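Working through the structure, step by step
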Amino acid sequence: MLEYLAQNPNTGDQWFSDVEEEDIFTWNEETMSQSLRRMQYAVRGEVVMRADQLATQGREIIYTNIGNPHQVGQKPITYYRQVLALCDLPAEQGVDHPNVYELFPRDIVDRAKAYREIIGPSGTGAYTHSQGILGLRKQVAAYIENRDGYPSYPGHIFMTNGASAGIGMVLQGLLAGNNDAVMIPIPQYPIYSALIAKLGGRQVGYYLDESMNWAVSREELDKQFAKATKEGLEVKALAMINPGNPSGNVMTHCDIQVIVEFCAEHGIVLLADEVYQTNVYAEGAEFVSAKKVAMDLGLKNLQLVSFHSTSKGLVGECGRRGGYMELHHIDPYVQAQLYKLASSELCSGVVGQLMTSLMVTPPNPGDESYELFQQETKTIFEGLKERAKKLVEGLNSIPGITCCPAEGAMYAFPRVELPEKAIEKAKELGTTPDNLYALSLLEETGICVVPASGFGQAKGRIGFRTTFLHPDTVRAIGLFAEHHEKFVKEYS
């Protein structure tokens, strides 16, 4: 990446015009944190930087590299925005304005008033309790309890700046030494490998079986755990992502049972990344939480932290940075230390906290806003479902590309067969074959994808991740096909 920035100094915000050649920096490549230097985050890597550079030159770019719904045209849901607006506005210009019921539906006004009462007179501009506003945490706990059928407690809920902040907090509390390790799925979302590297821990990959639509097996978990133990690593935690990112699979009750039993048996903390729980499209598939499976099985000793976010689902409010984590059967001392860590950052954003509450408490049937809310969310869901199906079908129609069904989440993760000359060319250039392919795809078509190597994959596999959020997804299928045919011919 540093080499790329040096060759392309105008990329993004990288512009070093005020740096003189003779300037000497004591904080430099050698003296900086080496954990940070080694950290990689593929979804905003070299291909994306090149895409940004092309965009500044006037090229039309179809960004399919990241799950950022509103960036690519998903419309915000009216109900959420109206309530947030009335929470932010001064009362005399909002909820107490004499014409407020002419401007906003009654249930919107009532909801905003209720929130303002929960927040208190300080409003949305003041710090809150470090775990988040109690009244909002009560709503999150009620949502979880209703979803799973088992108790959830507000004291075990932390409101976070998106799921990523919660994951970072927990990993910081878990990784105590260089030999502490976290088992992560391969392929995985790069936030895990990035944070583990930044915190000086070790990652242990467990491979999902692509031939079984990215299923996990107990044999694979046991194999990787034994290997890590033999190498002197102490496995502290295991991350699971359901529905899968980048794999797009939806885990069954039995799939999750394999993981919760494994973690309970070895005293491993389970990190359940469940941010796509409303993004389930496949017929017969359904989201089941790790907590529900563990409780169904009576696994009372499982240590579990679950994460959810307002950035995904049908909400797509990535910029609000809303989310929560629930601690289940976590040592009270450790929870107190996590609270101390949360306190050091004061609190998560108040608007994000409100957004999280809105996500878990939508309008009810009979409310004035209910019909529009249902219409807007259904339109988003059906659009995602249709594009997921058409994208996978389109990719599978291209000779040399195969793709498992996108049962959920927002991504397809196809495998690509490339000529040996392309692989040799990538080696000559000091890059990976899928990075070479992704850069070629970008230059030829304007489609920005993420090389699969950034997520991890089986040895010898080549591929990429693409979202199906963009409204031009279907049009892009033809571009994928044209490029692949041209690329294969070039290197045959």
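Now for a quick tour of the structure.

Definitions and cut-offs
- Residues numbered from 1 in each chain as written.
- Predicted model: local features only at pLDDT ≥ 70, side-chain atom pairs only at ≥ 80, totals over all residues.
- Heavy atoms only, no water.
- Phe/Tyr/Trp six-rings, centres within 6.5 Å; stacked < 30°, edge-to-face > 60°.
- Helix = DSSP H or I, 4+ residues; strand = E, 2+ residues; numbered from the N terminus.
- Buried < 20%, exposed > 50% of the residue type's maximum accessible area, 1.4 Å probe, protein only.
- Pairing = 2+ DSSP bridges.
- Axes fitted to C-alpha atoms, helices over the stretch in contact; angles between N-to-C directions.
- Contact = heavy atoms within 4.5 Å.
- Core = buried A, V, L, I, M, F, W, Y, C linked by side-chain atoms within 4.5 Å.

Here the focus is the packing of aromatic side chains. Across all of its chains, the model carries 13 aromatic pairs by this definition. Seen from their ring centres, tyrosine 281 and phenylalanine 381 are 5.5 Å apart, and the 45° between their planes marks the pair as tilted. You can see tyrosine 281 sitting in the loop between β6 (269-273) and α12 (290-296) and its partner phenylalanine 381 sitting in helix α15 (residues 370-396), a full 100 residues away along the chain. When sorted by exposure, tyrosine 281 lands in the same class as phenylalanine 381, which is buried. Both rings, one in tyrosine 281 and one in phenylalanine 468, keep their centres 5.9 Å apart while their planes meet at 70°; by these two values the pair is edge-to-face.

An order of β2-β8-β7-β6-β5-β3-β4 is seen for the 7 strands of this open sheet, with the pairing classed as mixed. Every other strand in the sheet has two partners, leaving β2 (157-160) and β4 (202-207) as the edge strands with one partner each. Each neighbouring strand pair of the sheet contributes to a mean axis angle of 20°, computed without reference to strand direction. Inspection of the sheet shows strand β3 (residues 180-186) paired to β4 by 6 bridges, in the parallel sense. Bridging across to β4, isoleucine 186 finds its partner in tyrosine 207. Of the strands in this sheet, β3, β4 and β5 (234-241) touch helix α10 (residues 218-230), which is tilted by about 155° from β4. Docked against the sheet, helix α13 (residues 332-344) engages β2 and β8 (323-328), running at close to 25° with respect to β2.

Our focus in this paragraph is the sheet that holds strand β13 (residues 450-451). The strand order across the open sheet formed by 3 strands is β10-β14-β13, and the pairing between neighbours is antiparallel. Two strands lie at the open edges of the sheet, namely β10 (411-412) and β13, each paired on one side alone. Two elements, β13 and strand β14 (residues 464-467), share 2 bridges in a ladder whose sense is antiparallel. Residue proline 451 lies in a different strand from β14, and its bridge partner there is phenylalanine 464.

The subject of this paragraph is the pairing of β8. Within a regular beta strand, the side chains point alternately toward one face of the sheet and then the other, so they alternate between its two faces. Judged by how many residues are buried, β8 sits mostly within the fold: 6 of 6 residues are covered. Of the strand pairs in this sheet, β2 and β8 are connected by 4 bridges, and their pairing is antiparallel. Note that in β8 the partner of isoleucine 157 across the bridge is glutamate 326. As defined by bridge partners, strand β7 (residues 304-309) adjoins β8 across 6 bridges and the pair is classed as antiparallel. Counterpart to leucine 304 in the pairing with β8 is histidine 328.

This part takes up the nonpolar core. Judged by nonpolar contacts, the single largest core of 112 residues is most densely connected at Leu271, Val305, Leu395 and Phe480. With 8 residues, α15 is the single largest residue contributor to this core. Here leucine 271 is in contact with Val170, Leu171, Leu174, Ala237, Leu238, Ala239, Met240, Val305 and Phe307, once residues within four sequence places are set aside. If you look at the next biggest cluster of nonpolar residues, it comprises 36 residues, including Tyr206, Leu238, Cys263 and Leu270.

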